[in-house]
Amino acid sequence: VALKRMLNFNVPPVKNSTGEPVWKVLIYDRFGQDIISPLLSVKELRDMGITLHLLLHSDRDAIPDVPAVYFVMPTEENIDRMCQDLRNQLYESYYLNFISAISRSKLEDIANAAIGANAVTQVAKVFDQYLNFITLEDDMFVLCNQNKELVSYRAINRPDITDTEMETIMDTIVDSLFCFFVTLGAIPIIRCSRGTAAEMVAVKLDKKLRENLRDARNSLFTGDTLGAGQFSFQRPLLVLVDRNIDLATPLHHTWTYQALVHDVLDFHLNRVNLEESTGMESTPAGARPKKKNKKSYDLTASDKFWQKHKGSPFPEVAESVQQELESYRAQEDEVKRLKSIMGIEGEDEGAISMLSDNTAKLTSAVSSLPELLEKKRLIDLHTNVATAVLEHIKSRKLDVYFEYEEKIMSKSTLDKSLLDMISDPDAGTPEDKMRLFLIYYISSAQAPSEIDLEQYKKALTDAGCNLAPLSYIKQWKAFTKMASAPTSYGNTTPKPLGLFSRVMNTGSQFVMEGVKNLVLKQQNLPVTRILDNLMEMKSNPETDDYRYFDPKMLRGSDSSVPRNKNPFQEAIVFVVGGGNYIEYQNLIDYIKSKQGKHVLYGCSELFNATQFIKQV
């Protein structure tokens, strides 16, 4: 909504106005591009009158009779380039929108440039948009994508980090969270664990919200914005969690569609990039192998199949794609049948009577064509994506890994020794083995003895694993106070449902032979459990000493603040140090069972296990 208002020159778009939209140009930087692209498609931009969208630092031609909407970060180089645009008189008028608040001195630089270029009247509006975060789903956001190594897990947990560096990282995170709450139009009640980076974020965010509220004249939380928030009557709870409370989940192999796509494919800001295999035809000897063409697909909120199945176990997804395909084929056949009937010459008595009742059918068939084509596009898309995921599952035996790790994490009996899994040359990549071993190491109540450890290390080295992450996890385990009581992951294991029923029949495109049909049981991961305690006001040693901040209270330390005693209806969980789709899915599944409650999941960056292992 905020973006659409900005693209409409910061006036709320009027519904059902018949007039054409005002044609305009959108100029953004990489940050702006990342914020807009998961939310608005090119078509939606065009509907709002955006004819061109260009990067700020690209060569742009002057279009003197068109207004330009800028959406950029207030950085030194961006501002210089904007001043240059003013001097070169590129556009008719300039609407400057900053993703994050711009400083007084930089604003003066623009003003001076405008005066120098004699373009003061053309700078129509200057706005701080407070949109410095990326929304990936209605209930999920991530802080940034461009300089994400600045706020990465490694950056926060480097042993040699200086205080000033840490301050800078925390300020970056807080700036984005502040933007998030301005956009939401709500002041949260903040809870966080003590002695972690999450606590530093909480203290700074509390201070920033407090200062903004105190300056009543310029507060961002008054008047029209507040009512606009969907949560005007009750304040949301913000739970700040540190990644270090649970390092097993980011390494865990997964079984739901969205998390699998993120784990095994190149999935980034809601777009998945696939290399298409050119099929099985053999290339003639001596010929150059065919180049693989890359295809990218957007998996968005408008994709109904994705919305419905992104949280489903993979076998279910394969089955649903198959069903969709069959229903599409039936519809297509119906259209073909009508076409052949319509081809009949008009002389024949029977044909004429058939014609009249078929005209109605044909009209409905024709009107449903666009819908059919869209259906076909989605089926093709998910067939390709699911097939790519399936290839990984089969070649790396991911179903076996998933089941085995679930058993480790839930402390069930293992049917096969860990050493066998690691040394089985057919199961998984070296990285899969490393992930499995790290989960075992993190989840075990007492660390394995030196002799055992050496044995494991040898097996891992033989399997081609890089042992670097192990030394970090070893230090981490020794250092965390949690070492005495490892985080429990519930005690449920996935149940194999026997082999696939429909997918196994010969007509299916997915050859699922040998892949286990595992069904998930809902169990709460540590992050979800913490949320549950704090949202429902349950007393639990794990969360009882979490700090409590209420930025609306003018003064007061933790203890003296009168606390909210009622359970919360809305909560935001934010993981400092990075998050993943497994946790997101787990939270969504948890909140489904709670009537009328909402939860949003945010993280400083989104990584899959491959990216996480490199940071450890």
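Scope of this entry: the structure provided in the associated data block. These numbers were taken from a predicted model, which means no experiment stands behind them. Starting afresh in each chain, residues are numbered from 1 along the sequence in its written order. Per-residue local features are limited, in this predicted model, to residues with pLDDT of at least 70; the limit for side-chain atom pairs, both in listing and counting, is 80 or more; totals at the level of whole chains, interfaces and linings are taken over all residues. Side-chain descriptors were evaluated using all non-hydrogen atoms of the structure, hydrogens and water having been removed beforehand.

## So, the overall build of the protein chain
Phase 1 of the analysis: Each helix is a run of DSSP H or I of at least 4 residues and each strand a run of E of at least 2, with the numbering of both proceeding from the N terminus. Counting its regular elements, the protein chain contains 22 helices and 17 strands.
Phase 2 of the analysis: Relative accessibility under 20% of the residue-type maximum defines a buried residue, over 50% an exposed one, and the middle range a partly exposed one, all with a 1.4 Å probe and only protein chains included. Per-residue burial for the protein chain yields a buried fraction of 49% across its 616 residues.
Phase 3 of the analysis: What makes two residues a contact is simply this: any of their non-hydrogen atoms within 4.5 Å. Intrachain contacts of the protein chain at a sequence separation of at least 6 include 78% that bridge at least 24 residues.
Phase 4 of the analysis: For the protein chain, the accessible surface area stands at approximately 30100 Å², while carbon and sulfur atoms represent 54% of it. Only the protein chains shown count as cover for residues, and the accessible areas themselves come from Shrake-Rupley with a 1.4 Å probe.

## Overview of the packing of aromatic side chains
Each aromatic ring pair is summarised here by two numbers: the centre-to-centre distance and the angle between the ring planes.
Phase 1 of the analysis: Pairing of aromatic rings covers Phe, Tyr and the six-membered ring of Trp, with a centre-to-centre limit of 6.5 Å; geometry is then stacked below 30 degrees between planes, edge-to-face above 60, and tilted otherwise. Here the structure, examined in full by the defined rule, presents 24 aromatic pairs.
Phase 2 of the analysis: With a centroid separation of 6.0 Å and 75° between ring planes, the pair formed by phenylalanine 133 and phenylalanine 141 is classed as edge-to-face.
Phase 3 of the analysis: Of the residues examined, phenylalanine 133 reaches a relative accessible area of 8% and is grouped as buried.
Phase 4 of the analysis: Here phenylalanine 141 falls in the buried class, since its relative accessible area comes to 2%.

## Regarding a negative patch on the surface
Phase 1 of the analysis: Within this analysis, patches are made of residues with over 30% relative accessible area and no salt bridge. Like charges are joined at 9 Å or less; nonpolar side chains (Val, Leu, Ile, Met, Phe, Trp, Tyr) at 5 Å or less. Each salt bridge in this description consists of a side-chain nitrogen of Lys or Arg and a carboxyl oxygen of Asp or Glu lying within 4 Å of one another. The sign given to each residue is positive for Lys and Arg and negative for Asp and Glu; His and the chain ends receive no count. Where a charge lies is defined by one atom per residue type, namely NZ (Lys), CZ (Arg), CG (Asp) and CD (Glu). A grouping of Glu76, Glu77, Asp80 and Asp109 is seen on the molecular surface, where their side chains present a negatively charged patch.
Phase 2 of the analysis: If you tally residues by element for the negative patch, the top one is helix α4 (residues 76-87), at three residues.
Phase 3 of the analysis: Note on placement: aspartate 109 falls in helix α5 (residues 104-116).

## Some details on the pattern of salt bridges
Opposite charge on two side chains permits pairing when their charged atoms draw close.
Phase 1 of the analysis: Applying the stated criterion to the full structure yields 29 salt bridges.
Phase 2 of the analysis: Note that arginine 158 and aspartate 160 form a salt bridge whose closest N and O atoms lie 2.9 Å from each other.
Phase 3 of the analysis: Given a relative accessible area of 28%, arginine 158 falls into the partly exposed group.
Phase 4 of the analysis: We note a salt bridge from lysine 416 to aspartate 424, for which the minimum N-O separation is 4.0 Å.
Phase 5 of the analysis: Classification of aspartate 424 by relative accessible area gives buried; the value is 16%.
Phase 6 of the analysis: Taken together, the shared-partner salt bridges connect Asp263, Arg396, Asp432 and Arg435 into one network.

## Describing empty space enclosed by the protein
Phase 1 of the analysis: Throughout, the protein atoms alone are placed on a 1 Å grid, and a set of points is a cavity if a 1.4 Å probe fits but cannot get out or a pocket if it is open with protein on both sides within 12 Å along at least five of seven lines; lining residues have an atom within 4 Å of a point. Grid points are joined across faces, edges and corners, and a volume is the space filled by probe spheres set on the points. Counted under the stated rule, the structure contains four cavities of 30 Å³ or more.
Phase 2 of the analysis: Volume-wise, the largest cavity comes out at about 150 Å³.
Phase 3 of the analysis: Forming the walls of the largest cavity are 13 residues, and the residues nearest its centre are Lys148, His262, His268, Leu269 and Leu606.
Phase 4 of the analysis: Note that domain bounds follow an automatic or database assignment of domains. A domain-level breakdown of the lining of the largest cavity finds at least three residues from each of domain 2 (132-246 + 525-615) and domain 3 (264-275 + 294-341 + 365-396).

## Describing helix α19 (residues 468-479)
Phase 1 of the analysis: The length a helix should cover is 1.5 Å for every residue beyond the first. Given a rise of 1.5 Å per residue, twelve residues ought to cover 16 Å, and the 17 Å separating the end C-alpha atoms of α19 matches this to within 8%.
Phase 2 of the analysis: Of the positions making up α19, those classed as buried are Pro469, Leu470, Tyr472, Ile473, Trp476 and Lys477. Around the axis of α19, the buried residues are gathered within 160° of arc, so they sit on the same side. Of the exposed residues in α19, the ones pointing more than 90 degrees away from its buried face are Gln475, Ala478 and Phe479.
Phase 3 of the analysis: Where α19 is buried, its residues contact α6 (153-157), α17 (430-443), α18 (450-462) and α22 (609-615). In this description, the arc belongs to the directions extending from the helix axis to the C-beta atoms.

## Some remarks on the sheet that holds strand β1 (residues 24-28)
Phase 1 of the analysis: If DSSP finds at least two bridges between two strands, the strands pair. Strands sit in the order β2-β1-β3-β4-β5 across an open sheet of five strands; the sheet is parallel. Looking at strand neighbours, the two that pair on one side only are β2 (50-55) and β5 (123-128), the edges of this open sheet. With strand direction ignored, the average angle separating the axes of adjacent strands in the sheet is 20°.
Phase 2 of the analysis: By the bridge criterion, four bridges tie β1 to strand β3 (residues 63-72) in an arrangement that is parallel. Note on β3: the bridge partner recorded for tyrosine 28 is phenylalanine 71. For helices, the fitted axis covers only the stretch in contact; all axes are lines through C-alpha atoms, and the angles between them, taken along N-to-C directions, range from 0 to 180 degrees.

## A short note on unusual backbone geometry
Phase 1 of the analysis: Even without being glycine, lysine 397 reaches a positive phi, approximately 55°.
Phase 2 of the analysis: Relative to the elements of secondary structure, lysine 397 occurs in the loop between α14 (369-396) and α15 (398-409).
Phase 3 of the analysis: With relative accessibility at 30%, the residue lysine 397 sits in the partly exposed group.
Phase 4 of the analysis: In this structure, lysine 411 is a non-glycine residue whose phi angle is positive, near 55°.
Phase 5 of the analysis: The residue lysine 411 is located in the loop between α15 and α16 (418-423) in this model.

## Structural notes on the packing of α15 against α17
Phase 1 of the analysis: Between α15 and α17, the shortest axis-to-axis distance is 9 Å and the interhelical angle comes to 10°. On the basis of their axis angle, the class for α15 and α17 is roughly parallel. Within the contact between the two elements, α15 uses Leu398, Tyr401, Tyr404, Glu405, Ile408 and Met409 and α17 uses Asp432, Lys433, Leu436, Ile439, Tyr440 and Ser443. Any angle between 65 and 115 degrees counts as roughly perpendicular, while under 35 counts as roughly parallel, over 145 as roughly antiparallel, and the rest as oblique.

## Topic: the pairing of strand β11 (residues 271-276)
Phase 1 of the analysis: Sheet topology note: the strand β10 (residues 266-268)/β11 ladder contains three bridges and is antiparallel. Note on β11: the bridge partner recorded for histidine 268 is arginine 271.
Phase 2 of the analysis: The loop that links β10 with its antiparallel partner β11 comprises two residues; one of these, leucine 269, has a positive phi angle of about 45°.
Phase 3 of the analysis: As paired elements, β11 and strand β12 (residues 293-298) share six bridges and run antiparallel to each other. Each residue of the ladder has a partner; that of asparagine 273, found in β12, is serine 296.

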